Amino acid sequence: MKSKIDNNPQSLVIDQKSLQTKLEEIRAAQKTFSTFTQEQVDKIFLAVATAADKARIPLAKMAVRDTGMGIVEDKVIKNHFAAEYIYNAYKNSPTCGVIERDPTFGYTKIAEPIGVVVAVIPTTNPTSTAIFKILLAMKTRNGLIISPHPRAKNCTISAAKLMLAAALEAGAPKNIIGWIDEPSLELTNQVMHEADLILATGGPGMVRAAYSSGKPAIGVGAGNVPAIIASSANIKMAASSILMSKTFDNGMICASEQSAIVLSDVYDEFKKEFVSQGGYILKEVETEKVRKIILVNGGLNAKIVGQSAVTIAAMAGVKVPETAKVLAAEVTSVEFLREPFAHEKLSPMLALYKAKTFEEAIDKADRLVTQGGMGHTSSIYINHETDYDRIMQWQARMKTGRCLVNTPSSQGGIGDLFNFKLAPSLTLGCGSWGGNAVSENVGIKHLLNVKIIACRRENMLWYRTPEKIYFKRGSLGVACREFKDVYNKKRAFIVTDKFLYYSGFTKEVTKYLDEMGIQHATFFDVEPNPSIDTARAGAEAMRVFQPDLIIAVGGGSPIDAAKIMWVLYEHPEVVFEDLAMRFMDIRKRIERFPHMGDKAYFCAIPTTSGTGSEVTPFAVITDTRNHIKYPLADYELLPKMAIIDPDLTMNTPPGLTAASGVDALTHALEALASVMASDFTNGTAREAARLILKYLPSAYTNGAKDVKAREEMANASCMAGIAFANAFLGVCHSMAHKLGSYHNIAHGVANGLLINEVIKFNCSEAPIKMGIFSQYKYPQGLKRYSELADYIGLGGKTPVDKVENLLKAIDKLKDEVKIPKTIKDAGVKEEDFLKTLDKMCEDAFDDQCTGANPRYPLIKEIKEMFLNAFYGKKTPLKV
């Protein structure tokens with residue numbers, strides 16, 4: 001067969017020197033080709049597909065003549081498939097430059113060619129595989145050099161020549177496709193070492209060589225396809241499909257069935273149908289004769305590959321009817337060492353097994369695949385509507401990339417003929433099971449380098465609060481009415497501590513519940529640092545009482561404990577330790593919180609002004625056995641209602657007023673500096689800080705005598721809670737959690753002991769490490785703290801002056817409310833502190849709050865801050 005390329009002089013590739021020259025020519029051509037537009041590429045793609053399609057018959061004739069294998073008519077179909085189906089599958093696929101762009105997310109994918117691809121072509125499909133690989137290369141702007149099988153070189157090269165001619169006529173660079181004229185193992189190894197990617201289709205030795213070349217390779221493994229015929233199968237269709245598959249090109253498609261495993265209750269029916277449609281069941285003596293010619297020295301006998309059933313029978317000295325399509329041998333062993341029929345045969349021969357049960361059939365199929373067809377293809381004939389569960393049982397055992405149902409596997413495996421989502425391909429990957437790089441049908445994506453332009457984008461943020469927040473003096477009685485009037489609640493469970501219970505605070509709630517006829521029970525065993533054991537005890541009490549309303553009354557401890565009880569009551573199956581897992585982004589946490597509120601409505605009523613727990617999705621709980629404070633975080637923990645009635649805080653003791661007030665100030669300061677701070681949180685954080693600095697001293701000193709101060713502190717605490725509920729906290733809280741847990745220091749006091757050190761730490765303009773969050777573009781601690789100083793009116797000319805004035809204002813506040821100046825002054829012994837210091841530092845580093853800190857701390861930096869706070873070392877503000 002002549003092609004236009006025959007008129008173009010080309011030096012033959014017959015040795016290493018000529019191969020090197022050809023590779024250099026292809027590489028130069030590919031460099032030019034890489035600049036082509038999609039329009040130019042698609043023109044070439046169409047031209048080469050058209051040329052191959054038009055030559056499908058002469059190429060098929062050449063393939064049979066050169067190799068002595070297969071059937072011309074079937075090779076025509078394979079050539080036609082390779083040209084038409086591959087073109088149709090990828091004609092509209094972008095492969096040049098920008099192939100995907102999402103400006104909203106700043107995401108762009110750009111396709112680049114790989115370079116020079118070597119295509120190793122098998123003797124079983126010498127023209128169709130060449131057509132397939134040339135089309136992939138042309139669509140992806142790659143240069144291609146073909147290494148044909150020596151036995152099939154003429155037909156493979158003829159296909160390459162005519163497709164190159166068509167490519168050149170369509171505008172492709174000269175030499176974009178090349179081939180080895182005199183293929184040898186030496187030249188094939190050389191080209192595999194020189195190419196940028198290897199597409200290897202061939203025997204196991206060739207595929208292993210490709211993967212051992214040191215270059216990226218896409219190879220395919222052997223197929224040894226078992227087909228199970230289940231009891232519910234359409235037997236006529238199964239027999240017909242297997243015969244169609246096994247006779248196609250005399251069984252040389254690697255995806256063709258090599259064995260049929262038939263359930264015993266349909267075995268005779270299948271045999272009858274198989275014979276009626278042209279299959280031949282070998283007699284026992286005939287089976288033995290044919291068995292002897294399948295293997296030679298342990299490997300497949302090349303002389304039987306692609307030969308007809310009649311020819312193979314004659315080779316074995318067996319006479320069968322001229323109409324015999326496939327030779328089937330009834331055998332029992334699936335072991336390669338014992339049964340040659342168990343092997344891949346690449347010819348119209350079939351091993352026929354009987355299975356008593358479906359499980360036995362799967363066992364046999366699994367063994368056949370494991371020995372010789374790992375990763376390739378498996379097949380089953382079954383009623384897919386009534387026996388879907390059995391299909392899933394079968395596929396779970398099959399380590400194959402393609403699990404075909406009611407499909408002739410030769411045609412089904414190559415895709416787009418019996419299932420139109422399975423990509424058309426003549427190179428079927430077998431994944432890691434078969435020692436391959438891919439497990440799917442190979443296509444254009446495997447011949448592209450895709451680079452991604454990822455522009456910086458800011459994460460979506462949020463501003464979440466309880467459904468209802470009621471505030472002002474006297475709001476408690478009005479808000480409680482909703483429990484009956486709006487929500488029609490029947491049974492309320494109150495969580496508080498002993499002091500509040502015996503002081504009568506809960507009566508302020510229960511009197512309204514009594515008026516409304518709502519039954520209630522009270523749990524008052526919450527300790528200052530609520531423990532996991534207490535939470536579990538409360539949850540058990542809830543399970544007994546079965547409330548539809550939970551009311552937490554108190555400071556942070558009762559509210560936090562009530563939140564955990566709520567979780568354990570509604571979802572007793574949860575594992576607390578899993579809920580306490582650290583996360584980097586609350587939206588992407590590994591362990592998801594269960595949905596809350598299905599059994600009980602949650603209302604938080606604070607009696608102190610500090611924790612903000614009534615409006616936050618957080619709860620701090622202590623593992624007393626391991627001395628660990630867990631700060632839990634999830635918006636499912638957010639109360640449904642918060643009632644901020646300052647009347648409940650009027651008589652808070654001075655010490656608690658001071659500790660909770662400084663805690664609230666720290667909430668505001670850390671939320672303001674957080675990497676997740678936003679315009680929504682900054683306003684409430686600034687105003688909360690201003691109110692606390694102004695009103696906490698009077699609330700501490702005058703208590704109920706200064707109603708205004710008490711009310712403003714209640715508001716400020718809630719506002720600070722809202723701010724950090726959405727912006728989160730920082731390393732000051734991380735350190736305070738550990739200091740409180742290890743040395744029994746009240747949480748607010750612990751924050752007060754550490755906050756100045758943390759502010760100075762966060763002011764660095766060139767930190768060793770910065771917090772990681774997309775909207776946090778550069779260090780902003782100094783800026784944010786100085787803006788707060790301006791907002792409060794503290795004065796100062798430079799940002800450093802302003803922050804120093806802020807630190808002085810905080811120190812003045814702490815002096816006025818009698819917060820100790822150092823950790824040592826707080827009663828922690830030096831020996832005890834130093835003994836726990838390293839563990840505290842490590843735990844603080846891994847605390848949930850650390851991630852939002854604007855300056856990401858090293859453990860040694862946490863240690864330095866701890867030591868400064870213990871000894872009261874005065875360190876200057878360094879930026």
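About the criteria used
- Residues numbered from 1 in each chain as written.
- Predicted model: local features only at pLDDT ≥ 70, side-chain atom pairs only at ≥ 80, totals over all residues.
- Heavy atoms only, no water.
- Salt bridge = Lys/Arg side-chain N within 4 Å of Asp/Glu carboxyl O.
- Helix = DSSP H or I, 4+ residues; strand = E, 2+ residues; numbered from the N terminus.
- Buried < 20%, exposed > 50% of the residue type's maximum accessible area, 1.4 Å probe, protein only.
- Pairing = 2+ DSSP bridges.
- Axes fitted to C-alpha atoms, helices over the stretch in contact; angles between N-to-C directions.
- Contact = heavy atoms within 4.5 Å.
- Expected span 1.5 Å × (residues − 1).
- Bend = angle between axes of the 7 residues up to and from the residue.

Participant: Account for the pattern of salt bridges, with residues named and values stated.
Facilitator: For the structure shown, the criterion picks out 40 salt bridges. Here Lys75 ties to Asp249 by a salt bridge, and the two come within 2.9 Å at their closest N and O atoms. Of this pair, Lys75 sits in helix α4 (residues 72-90) while Asp249 sits in the loop between α9 (235-247) and β9 (257-263), placing them 174 residues apart in sequence. Classification of Asp249 as buried rests on a relative accessible area of 0%. We note a salt bridge from Asp790 to Lys802, for which the minimum N-O separation is 3.1 Å. Of this pair, Asp790 sits in helix α27 (residues 781-792) while Lys802 sits in helix α28 (residues 799-816), and the two are 12 residues apart along the sequence. In this structure Lys802 comes out as buried when scored by relative accessible area, which is 16%. When salt bridges with common partners are traced through the structure, they connect Lys75, Lys78 and Asp249 into a single cluster.

Participant: So what about the sheet that holds strand β21 (residues 549-554)? Which residues, and what values?
Facilitator: The sheet built from six strands is open, its strands ordered β18-β25-β22-β21-β19-β20 with parallel pairing. This sheet does not close on itself; its edge strands, each paired only once, are β18 (468-471) and β20 (519-526). Neighbour-to-neighbour, the strand axes of this sheet turn through a mean angle of 15°, independent of strand direction. Pairing of strand β22 (residues 601-606) with strand β25 (residues 641-644) involves two bridges; the strand directions are parallel. Across the sheet, Cys603 pairs through a bridge with Met641, a residue of β25. Together, β19 (491-497), β20, β21 and β22 form the strand contacts of helix α18 (residues 507-516), whose direction differs from that of β19 by roughly 170°.

Participant: So, helix α23 (residues 679-702): which residues are in play, and what are the values?
Facilitator: The end-to-end C-alpha distance of α23, which contains 24 residues, comes to 34 Å, matching closely the 34 Å that a straight helix rising 1.5 Å per residue would cover. When the local axis directions of α23 are compared, the greatest deviation, roughly 45°, occurs at Tyr695, which is followed within four positions by the proline Pro697. Of the residues one or two after α23, Gly703 is the one with positive phi, at around 55°.

Participant: Now, about the sheet that holds strand β1 (residues 97-102): what can you tell me, with residues and values included?
Facilitator: Strand order in the open sheet formed by three strands is β1-β2-β17, and the pairing between neighbours is antiparallel. Of all strands in the sheet, those bounded by a partner on one side alone are β1 and β17 (448-454). The mean angle between the axes of side-by-side strands here comes to 20°, regardless of whether they run parallel or antiparallel. Sheet topology places β1 next to strand β2 (residues 107-113); five bridges connect them, and they run antiparallel. The partner of Val98 across the bridge, within β2, is Ile110.

Participant: Before we move on, can you summarise the side chain of Thr188 with the specific residues and values?
Facilitator: Topologically, Thr188 is positioned in helix α7 (residues 185-194). Thr188 gets classed as buried once you look at its relative accessible area, which sits at 4%. In this structure, Thr188 is in contact with Ser147 and Met206, ignoring residues within four places of it in sequence.

Participant: Quick one: what's the story with the environment of Gly413, residue by residue and with numbers?
Facilitator: Residue position: Gly413 is located in helix α15 (residues 409-413). The residues contacting Gly413, other than those within four sequence positions of it, are Ala255, Arg402, Leu404, Leu422, Leu428 and Asn441.

The quantities given are spatial measurements derived from coordinates; they are silent on function.
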